[in-house]
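This is what each chain is made of:
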Amino acid sequence: MATTFDATQLPVEAERKPSRAAGFLNSFLLRRLLKALFTAFVVITLTFFLIRLLPSNPIELFIQELMVQYSMPYHQARDQAAALFAIDLEKPLILQYFDYLGGLVRGDLGTSILSPGTPVTSFIKRFLPWTVFSVGLALMISFTSGVILGLLMAYRRESLLDHILTVLASVLSAIPNYILGILLIIWLGVRWGVVPVAQMRGSLSPGVQPGFTLAFFQDALFHAALPIAAYVLTTVGSWMLTMKSSTISVLEEDYVTVARAKGLKESRITTAYVGRNAALPLFTLLAISIGFVVGGSVLIETIFQYQGIGYVLLQAVNRRDYVVMQGVFLIITLSVIFANFFADMLYSWLDPRIKFGAAE
Amino acid sequence: MSQADDAFVHHESIFEKPPLSLRNVHIMYKSRKGAVNAVRGVDLDLRAGESLSLIGESGSGKTTLGLGIVRLLVKTAKVTQGEIIYRRDGLEMDVGQLDAQQLREFRWRECSMVFQSALNSFNPVLRIWNQMYDTAKAHGWSDRRAVREHVLNLLRFVQLDAERVIDAYPHELSGGMRQRVLIAMSLLLDPQVLILDEPTTALDILTQRTIIDLLRRLKDEQRLTMLFISHDLAIAAELADRIATMYAGKIVEIGSADDIFYRPRHPYTLGLIRAVPKVIGEFEDLVSILGSPPDLVDLPSGCKFHPRCPFATERCRREEPDLEQVGQDHAAACWHWQAVEEEVADHPLHQSLPAQTIVYSGE
Ligand SMILES: Nc1ncnc2c1ncn2[C@@H]1O[C@H](COP(=O)(O)OP(=O)(O)O)[C@@H](O)[C@H]1O
Ligand code: SF4
Ligand SMILES: [Mg+2]
């Protein structure tokens, strides 16, 4: 018997997958938050113990400093140090740890060991904005230009421009940022003398007051220019290459052919059909790179004498100021966690196929 | 908009010049192994209001030809010879000569195409509505409310829950639904010609059935000129007024659906018909064509079908036949079509043509 079907008896297809329920969203947010807290806790604990494994300790280093600088005998230096620092390094580590945790819960990050009386939060308030400003701006510049250049490379595949940019991108992304920073100083500042490196030290020129003034922004940009250049140049290459390969595969998607078949304008196809889909995977990398760039700021800020949080961290490490180190690491951890969270939200907002939270 | 050009649509098709004429079209792919001769001199008229089905095994150049018509071939492909003439309202143009802007206007407005892979035909990050509106706007129709109303009507025509589907993302729709949305979208600008490339191939059998019914309704109600590409003769028989058989980049037989089905004159068409199971259970009738399609880089001499042809003679190995008249509005490219005629007379092919019935070779 031949099988026949009568289409009129078939129901009209109406089913649609369930939409995102608000309750689900909430429970997902909660899960996400708990996970973030747990991550933060683990990192805090690890940093606490790891930094104390560094050879020597702040008191020893300070005593040695006094002995070398002022030719003090050991016992005199030690007495002076003990009088200066109201910290008991003899206290069992585990108790110090619980003290620290207790402080954190109360929002107290402690006070600097070596600048007694200065709370760590005031360091953070003073120096973090500069890092956020320079790193954030650099990341935006790098991401945007990487996406545009990568798109261009994919569209002009195998052209001279593509070859030049590919080589450039590969070389740039292979150079560590501190090396590039040193090269910038040597070439731009010293050899060619085109950039007044000495004046660009610090995060603001003396006398410039923070505020919503043009002079302030100009000066801030002037001082951040070299660190930003170093971040951008060392990260833009990988954005370019990732975007290029992503674009090449999107260009082969059927929906791009269909878009052409529909007679859409090339500009619309490039932005809404190719560009948007090709850039999607880059957003997941954005979070990771925020972490790297904040971490990378330690060396860059030291090289350029840019007074951001990385600069503070290196000072603290050199002098074993545990409390400041802890505080800065905490900030870095939180910024990475936040960046991850933000990137996930962004991604699920940009890609409707990713149900918020379904990625877990 | 869909019913606007009534006067135009109701012309008697016989008196009208064909909307689309292919003249000696050759298409070649560059590949590492050498030039792939995917389409080798196709002559074809698509008559106004007709539904012509292009059939042939996978790899015979059907998709290439379809993409060539709307000039969407990949960069490595080239139309090396021939012309594609498009006509409307007594005007005529060579699609191959259009500049970028004219081509953009020609696409979808004059000739739209439903692709083989409907599943991936939609931009995953845009709602159906945005993809529809993009299309309308690209052709200068930017009255949002009118477009939306029209889209809703089209979605209803393809039997979808229009209000819900229009604001859905592609991934929220099943394969069959996406295929219908694509068909609805292909009608958006009321094109004169619609090319459908294997619109049912990727779907399960039940969904295939509903799409075929939809296409038949489309053919009866909208009176479009359709080029329906398929490797499935049974589906072609249901939807086509005329059928063209393609082998190794050439049309080897063309005629009315009845002629092709009851009176095939090319051994390849005959093989295709015999390979269609007529009735489930009678497998002894099932004879598939031996061998495989030829290597399009290094084609056999003479008739390209001769290595697989039971009627082949020495002449077939030397000379390639051209299409010749074998009946009223029926042509075949075979030196020995009379032998095929005798064979068909001796062994009738069908008791009855499964006109409204499709028999599946699957489960
Ligand atoms: N991009 C390509 N590059 C090289 N050869 C191709 C390409 N696309 C298709 N072909 C070849 O062209 C021939 C015809 O393919 P196609 O038009 O897809 O056939 P059909 O649609 O009939 O299955 C096949 O032999 C195929 O291998
Ligand atoms: S020309 Fe010869 S080989 Fe070709 S189909 Fe006819 S009989 Fe077969
Ligand atoms: Mg095909």
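Here the residue numbering is sequential within each chain, running from 1 through the sequence in written order. Both sets of labels track the order of writing: A upward for chains, 1 upward for ligands. For this predicted model, a pLDDT threshold of at least 70 governs which residues receive local features, and a threshold of 80 or more governs which side-chain atom pairs are given and counted, while totals over whole chains, interfaces and linings are taken from all residues. Side-chain calculation: all heavy atoms of the structure are included, whereas hydrogens and water are not.

A few words now on the overall build of chain B. Along chain B, the regular secondary structure elements total 13 helices and 12 strands. Relative accessibility thresholds used throughout: buried, under 20% of the residue-type maximum; exposed, over 50%; partly exposed, between the two (1.4 Å probe, protein chains only). Burial statistics for chain B: of 363 residues in total, 56% are counted as buried. Any pair of residues with heavy atoms lying within 4.5 Å of one another is described as a contacting pair. Of the contacts formed within chain B by residues at least 6 apart in sequence, a portion of 67% connects residues at least 24 apart. Each accessible area value is a Shrake-Rupley result obtained with a 1.4 Å probe; residue values ignore everything except the protein chains displayed when judging cover. Carbon and sulfur atoms make up 49% of the accessible area of chain B, which totals about 15500 Å². The way it works is that DSSP assigns letters per residue, a run of H or I at least four long becomes a helix, a run of E at least two long becomes a strand, and they are numbered from the N terminus.

Residues Tyr178, Ile179, Ile182, Leu183, Ile186, Trp187, Trp192, Val194 and Leu299 of chain A make up a contiguous nonpolar surface patch of roughly 820 Å² in combined accessible area. Relative to the helices and strands, leucine 183 of chain A resides in helix H7 (residues 177-191). A residue counts toward a patch only above 30% relative accessible area and without a salt bridge, and it is joined to like-charged neighbours within 9 Å or, for Val, Leu, Ile, Met, Phe, Trp and Tyr, to nonpolar neighbours within 5 Å. Whenever Lys or Arg places a side-chain nitrogen within 4 Å of a carboxyl oxygen from Asp or Glu, that contact is recorded as a salt bridge.

As a further point, take helix H6 (residues 160-174) of chain A. Residue and element names in this part refer to chain A. Here H6 contains 15 residues, and its C-alpha end-to-end distance of 22 Å stays within 8% of the 21 Å for a straight helix at 1.5 Å per residue. Turning to H6, its buried residues are Asp162, Leu165, Ala169 and Leu172. Mapping the buried residues of H6 onto a view down its axis gives an arc of 105°, with all of them on the same face. In H6, the exposed residues that point more than 90 degrees away from the buried face are Leu160, Val167 and Ala174. Those residues of H6 hidden inside the fold are in contact with helix H5 (120-155) and helix H8 (214-251). By this rule the span expected of a helix is its residue count minus one, scaled by 1.5 Å. Picture the helix axis, draw a direction to every C-beta atom, and the arc is the one those directions span.

Our focus in this paragraph is the sheet that holds strand S2 (residues 34-46) of chain B. Two pairing modes exist for strands in a sheet, parallel and antiparallel, and in both the strands are linked by backbone hydrogen bonds. All names here are of chain B. Any two strands with at least two DSSP bridges between them are considered paired. Pairing in this open sheet of 4 strands is antiparallel, and the strands run S2-S1-S4-S5 from one edge to the other. The open sheet is flanked by S2 and strand S5 (91-94), the only strands paired with a single partner. Sheet twist, expressed as the average angle between the axes of neighbouring strands with direction ignored, equals 15°. In terms of strand pairing, strand S1 (residues 20-31) meets S2 through 10 bridges, oriented antiparallel. Here, axes are lines fitted to C-alpha atoms. For helices the fit covers the stretch in contact, and angles between N-to-C directions go from 0 to 180 degrees.

Turning to the site of ligand 1, a few remarks are in order. Residues and elements named next belong to chain B. The nearness test applies per residue and asks whether one of its heavy atoms lies within 4 Å of the molecule or strand. Around ligand 1 sit 13 residues, and of these Gly59, Gly61, Lys62, Thr63 and Thr64 come closest. Definition of a polar contact: a pair of N or O atoms within 3.5 Å, with one able to donate and the other able to accept a hydrogen when the atoms are protein atoms, and with sequence-neighbouring residues admitted only if both atoms are side-chain atoms. One of the side-chain nitrogen or oxygen atoms of lysine 62 is found 2.8 Å away from an oxygen atom of ligand 1. Within the complex, the protein chains bury 68% of what would otherwise be the 560 Å² of accessible surface of ligand 1. Secondary-structure elements contributing two or more residues to the shell around ligand 1 are S2 and helix H2 (62-69).

Glancing now at the site of ligand 2. In the vicinity of ligand 2 lie 13 residues, with Cys303, Cys309, Cys316, Cys334 and Trp335 of chain B positioned nearest. Gly is placed with the polar residues, together with every amino acid not listed as nonpolar (Ala, Val, Leu, Ile, Met, Phe, Trp, Tyr, Cys and Pro) or charged (Asp, Glu, Lys and Arg). Split into classes, the residues belonging to the shell around ligand 2 amount to 10 nonpolar, 3 polar and no charged.

To continue, consider the packing of aromatic side chains. All names here are of chain A. Classification of ring pairs rests on two measures: the distance between centres of Phe, Tyr or Trp rings, Trp counted by its six-membered ring, which must be within 6.5 Å, and the angle between planes, read as stacked under 30 degrees, edge-to-face over 60 and tilted in between. Scanning the model with the defined rule gives 17 aromatic pairs over all chains in all. Aromatic pair phenylalanine 48 and tyrosine 100: ring centres 5.6 Å apart, planes at 20°, arrangement stacked. With phenylalanine 48 in helix H1 (residues 22-51) and tyrosine 100 in helix H4 (residues 93-105), this pair connects stretches of sequence that are 52 residues apart. Classification of tyrosine 100 by relative accessible area gives buried; the value is 9%. Seen from their ring centres, tryptophan 187 and tryptophan 192 are 5.5 Å apart, and the 55° between their planes marks the pair as tilted. Taken together, Phe48, Phe49, Tyr97, Phe98 and Tyr100 form an aromatic cluster joined through their ring pairs.

What follows deals with the domain arrangement of chain B. Residue and element names in this part refer to chain B. For every domain, the bounds stem from an assignment made automatically or drawn from a database. Domain annotation for chain B reports domain 1 (3-240) and domain 2 (263-360). The interface is formed by 22 residues belonging to domain 1 together with 16 residues belonging to domain 2. Accessible area, probed at 1.4 Å, shrinks when two parts are joined; the buried area is that loss added up over both. Summing the contributions of domain 1 and of domain 2, the shared interface buries around 1700 Å²; its carbon and sulfur component is 57%. Considering only the side of domain 1, the residues that lose the most area to domain 2 are Arg40, Glu57 and Leu233, jointly responsible for 31% of the buried surface there. At the junction of domain 1 and domain 2, the tally comes to 3 salt bridges. Of the charged contacts, one joins glutamate 57 and arginine 308 as a salt bridge, the two residues approaching to 2.9 Å between their closest N and O atoms. Taken together, the links from domain 1 to domain 2 amount to 5 residue pairs in polar contact (both at pLDDT 80 or more). Mapped by element, the contributors of at least two residues to the side of domain 1 that touches domain 2 are S2, helix H8 (205-222) and helix H9 (233-239).

Before going further, it helps to spend a moment on unusual backbone geometry. All names here are of chain B. Despite not being glycine, arginine 71 shows a phi value in the positive range, around 55°. Inspection of the secondary structure assignment puts arginine 71 in the loop between H2 and strand S4 (77-88). A relative accessible area of 31% means that arginine 71 is categorised as partly exposed. Despite not being glycine, alanine 248 has its phi angle at roughly 45°, a positive value. With respect to the helices and strands, alanine 248 occurs in the loop between strand S9 (242-247) and strand S10 (250-256). The buried category is assigned to alanine 248, whose relative accessible area is 3%.

So, on to empty space enclosed by the protein. Residues and elements named next belong to chain B. Put simply, the grid is 1 Å and covers the protein atoms alone, a cavity is a trapped set of points that fit a 1.4 Å probe, a pocket is an open set with protein on both sides within 12 Å along at least five of seven lines, and lining residues have an atom within 4 Å of a point. Grid points are joined across faces, edges and corners, and a volume is the space filled by probe spheres set on the points. Applying the stated rule across the entire model yields 8 cavities of 30 Å³ or more. Estimated volume of the largest cavity: approximately 110 Å³. Surrounding the largest cavity, Arg40, Tyr247, Lys250, Ile251, Val252, His266, Cys303, Lys304, Phe305, Glu320, Pro321 and Ala333 form its lining. Considering each element in turn, the lining of the largest cavity owes the most residues, 3 residues, to S10.

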